Amino acid sequence: MKPHLPELATAVEAAAVVVSAISGMVSAARARMDLVGTFTLALVTAFGGGTLRDVLLQRRPLFWVSNEGYVFLTLLLCLAFVYSRRAFEFADALDRHASFVDALGLALFTLTGVHYAHEAGLPGLPAALLGVITGTFGGVLRDVLIREIPAIFRPGALYAVPSFVGCWVVLSGPWLEIPQPIADAAGFTTIVLLRMASVRLGLRLPAPHWAGKPEP
Amino acid sequence: MKPHLPELATAVEAAAVVVSAISGMVSAARARMDLVGTFTLALVTAFGGGTLRDVLLQRRPLFWVSNEGYVFLTLLLCLAFVYSRRAFEFADALDRHASFVDALGLALFTLTGVHYAHEAGLPGLPAALLGVITGTFGGVLRDVLIREIPAIFRPGALYAVPSFVGCWVVLSGPWLEIPQPIADAAGFTTIVLLRMASVRLGLRLPAPHWAGKPEP
Amino acid sequence: MKPHLPELATAVEAAAVVVSAISGMVSAARARMDLVGTFTLALVTAFGGGTLRDVLLQRRPLFWVSNEGYVFLTLLLCLAFVYSRRAFEFADALDRHASFVDALGLALFTLTGVHYAHEAGLPGLPAALLGVITGTFGGVLRDVLIREIPAIFRPGALYAVPSFVGCWVVLSGPWLEIPQPIADAAGFTTIVLLRMASVRLGLRLPAPHWAGKPEP
């Protein structure tokens, strides 16, 4: 994605960082944390997935080192969020209606993960896992830190599955001899559409055979 | 171990991956997770220790990248486990009686950790720690993700200790001028025997002086 | 710090490792863990921050590999702590009055993080974050493993903020053309003073606008 439409990708990436950071900030406010906790959760949510991707693939500089502006932006957002009730209410309302931007962010982070993994020579299934990890790990880390069962482990709208399916669409480019920009666009669209279909229309995985039984 | 008896080691490794993955899947089923949570816990349990080992030692490709077949196998196992009650019951029964295979897996993962650490030039105590980390970290991560106190932190059968003792047996090879395959076999056997002695015969560490007092 | 006053720095570092390890051991005793849990928490608390720093900056050998003596010392301390009531009571009392040594440790670990990050070419804000991560991550990991909300996320005395402010003092050396040893000493002193002012005099960040409201 990045090399083909760099300006658009950068705009989507910045939006994705902001939306992820706000989701961390809202979690921090709910847990009545202070500025330090809020900034930490914002950083973890926005940069956790990309950092784990870079560590696993040995890419340096890290995502948030070469994009120093994102860290600075996150800090400014946190200061406003923690000390201005108006900014907080704005961010909170945004978070409630951010599912579309969030889906764009999931798609974009996933695409960076699967692309870098493919570049590093990973075969299909591990590359797809890297894509999913990049798209979802920030949220998992956020939930572990506030001691909630990570959302990815609870029933609800699909998150990892759209990311996983989109990875295979992206990876099918070379196999089907489709030009990569088209495969990328198709993968991106697949992730956003599947995610929104799950949020809006209730698309779900088939339930496990143990569904509905009480926990032992 | 690996270079000396490659076929046997591969068979034990595959068995160890399957047993670890099943232990993650059973935890996921107990917490009433869906396919995504089950697959994630299976991956984390089976590949967490080896991944941390590879990150700490800067080894690439990662364990689950060069063994793509293990990931694929784990995915198939999860699909069967989540959607077929018969497969679930089989895996659950296996998990209840897997302590011997689990001990083989602990021994094998430990040996890979201590070997790679030794190759990378780590001195004895850090190399032994790497062995223990490789053998135990997957289970720790599984328990943190489902918000349980990791088993390694609860009273019960020894897990880290057999791994630690076995590492020193392996590392004693060069010091005692024993051929390495023999030291490896002795370390492997030590881990399995100590672990089984703890599970079956109740072998334990001496209790801390605070044992038996209620938590404050 | 290290290259300028190596003997003093080594003495402070050893003290910092011991104080961090004891803090992990006391947490383990409170949770009624055994030797394995106690040693694990001690290692995680004392070496977690430096390890994450080394992984993020791709520094090898790891902190606790090139300082094998620290791991050995931690193991001896744990054995004494777990099996000797007298040693336990001594360590517990030390832990209650360790806030000054703890502040020295926070300052020293922070300085290693910001220095190595600066050496690796990181710009200011990411370098300061690396400093804070190095100073605080061990305690975060300790609290996650015993399933407490990490102290850094709870109201109370400042911990991350002194570390962050001190990083900027250190980093201001080159910008203000102050000799680096002086900037280092000023940063070190800033961290210790801010931390002690928070512990003893109640210095706090301004409260968020949501402070005092019950959790939803």
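Residues numbered from 1 in each chain as written. Chains lettered and ligands numbered in written order. Predicted model: local features only at pLDDT ≥ 70, side-chain atom pairs only at ≥ 80, totals over all residues. Heavy atoms only, no water.

### Brief notes about the relation of the copies chain C and chain B
Now for step 1: You can overlay chain C on chain B at an RMSD of 0.0 Å; the transform is a turn of 120 degrees with a shift of 0.0 Å along its axis. Here the symmetry operator amounts to a three-fold rotation axis.
Now for step 2: A low fraction, 12%, of the interface residues of chain C reappear at the interface in chain B, so the copies pair through non-equivalent surfaces. (Least-squares fit on C-alpha atoms with pLDDT ≥ 70 in both. Contact = heavy atoms within 4.5 Å.)

### Some points on the packing of aromatic side chains
Now for step 1: Scanning the entire structure with this criterion turns up 24 aromatic pairs over all chains.
Now for step 2: Ring geometry for phenylalanine 63 of chain B and tyrosine 70 of chain B: centres 6.3 Å apart, planes at 50 degrees, overall tilted. Note on accessibility: phenylalanine 63 of chain B and tyrosine 70 of chain B belong to one class, buried.
Now for step 3: Cluster of aromatic residues (ring-pair linked, three or more members): Phe47, Phe63, Tyr70 and Phe109 of chain A.
Now for step 4: Just above the ring of tyrosine 116 of chain A sits the side chain of arginine 59 of chain A; from NZ or CZ to the centre is 3.5 Å. (Phe/Tyr/Trp six-rings, centres within 6.5 Å; stacked < 30°, edge-to-face > 60°. Buried < 20%, exposed > 50% of the residue type's maximum accessible area, 1.4 Å probe, protein only. Lys NZ or Arg CZ within 6 Å of the ring centre and 35° of its normal.)

### Some points on the pattern of salt bridges
All names here are of chain C.
Now for step 1: Applying the stated criterion across every chain, the model contains 21 salt bridges over all chains.
Now for step 2: For the salt bridge of glutamate 89 with arginine 85, the shortest nitrogen-to-oxygen distance reads 3.9 Å. Note that glutamate 89 and arginine 85 are positioned in helix H5 (residues 85-96) at a spacing of 4 residues, about one turn of the helix.
Now for step 3: Taking the shortest distance from any N to any O, the salt bridge between aspartate 92 and arginine 96 comes out at 2.8 Å. Remark: arginine 96 and aspartate 92 occur in helix H5; sequence separation between them is 4 residues, near one turn of the helix.
Now for step 4: We classify aspartate 92 as buried; its relative accessible area is 14%. (Salt bridge = Lys/Arg side-chain N within 4 Å of Asp/Glu carboxyl O. Helix = DSSP H or I, 4+ residues; strand = E, 2+ residues; numbered from the N terminus.)

### Details of the interface of chain C and chain A
Now for step 1: Between chain C and chain A, the residue contacts involve 31 residues of the former and 34 residues of the latter.
Now for step 2: For the pair chain C and chain A, the summed buried surface comes to about 2,900 Å²; carbon and sulfur atoms form 70% of the total.
Now for step 3: By the criterion of area lost to chain A, the three top residues of chain C are Phe153, His209 and Trp210 of chain C, representing 27% of everything that side buries.
Now for step 4: Counting every contact that joins chain C to chain A gives 0 salt bridges. (Buried area = accessible area lost by both parts, 1.4 Å probe.)

### Looking at the interface of chain C and chain B
Now for step 1: Counting from both sides, the interface comprises 34 residues of chain C and, opposite them, 30 residues of chain B.
Now for step 2: Counting every contact that joins chain C to chain B gives 8 residue pairs in polar contact (both at pLDDT 80 or more).
Now for step 3: Secondary structure elements with two or more residues in the side of chain C that touches chain B: helix H1 (6-30), helix H2 (35-56), helix H3 (63-66), helix H4 (68-83), H5 and helix H7 (124-145) of chain C.
Now for step 4: Counting residues per element, the side of chain C that touches chain B draws most heavily on H2 of chain C, which supplies 10 residues.
Now for step 5: Among the residues forming the side of chain C that touches chain B, the class breakdown is 21 nonpolar, 6 polar and 7 charged. (Polar contact = N/O pair within 3.5 Å; in protein donor to acceptor, adjacent residues only side chain to side chain. Nonpolar A, V, L, I, M, F, W, Y, C, P; charged D, E, K, R; others polar.)

### Quick word on unusual backbone geometry
Now for step 1: Of note, the bond from arginine 60 of chain A into proline 61 of chain A is cis; its omega dihedral lies within 30 degrees of zero at -5 degrees.
Now for step 2: By secondary structure assignment, the location of proline 61 of chain A is in the loop between helix H2 (35-56) and helix H3 (63-66).
Now for step 3: One non-glycine residue, arginine 32 of chain B, lies in the positive phi region at around 55 degrees.
Now for step 4: As for its position among the elements, arginine 32 of chain B is in the loop between helix H1 (6-30) and helix H2 (35-56).
Now for step 5: Given a relative accessible area of 24%, arginine 32 of chain B falls into the partly exposed group.

### With respect to the relation of the copies chain C and chain A
Now for step 1: The two copies are related by a screw motion: chain C maps onto chain A through a turn of 120 degrees and a shift of 0.0 Å along the axis, at an RMSD of 0.0 Å.
Now for step 2: The residues that chain C uses at the interface reappear at the interface of chain A in only 13% of cases, marking distinct surfaces.

### Some thoughts on the packing of H2 of chain A against helix H4 (residues 68-83) of chain A
All names here are of chain A.
Now for step 1: Relative orientation of the contacting elements H2 and H4 amounts to 140 degrees, with a least axis distance of 10 Å. Taken as axis vectors, H2 and H4 run oblique relative to one another. In this structure, H2 meets H4 at a crossing whose hand is right-handed. Contacts from Leu35, Thr38, Phe39, Ala42, Leu43 and Phe47 in H2 reach Tyr70, Val71, Thr74, Leu75, Cys78, Leu79, Phe81, Val82 and Tyr83 in H4.
Now for step 2: Looking at the contact of H2 with H4 residue by residue, the classes come out as 13 nonpolar, 2 polar and no charged. (Axes fitted to C-alpha atoms, helices over the stretch in contact; angles between N-to-C directions. Parallel < 35°, antiparallel > 145°, perpendicular 65-115°, else oblique. Left-handed = near helix turned anticlockwise from the far one by under 90°.)

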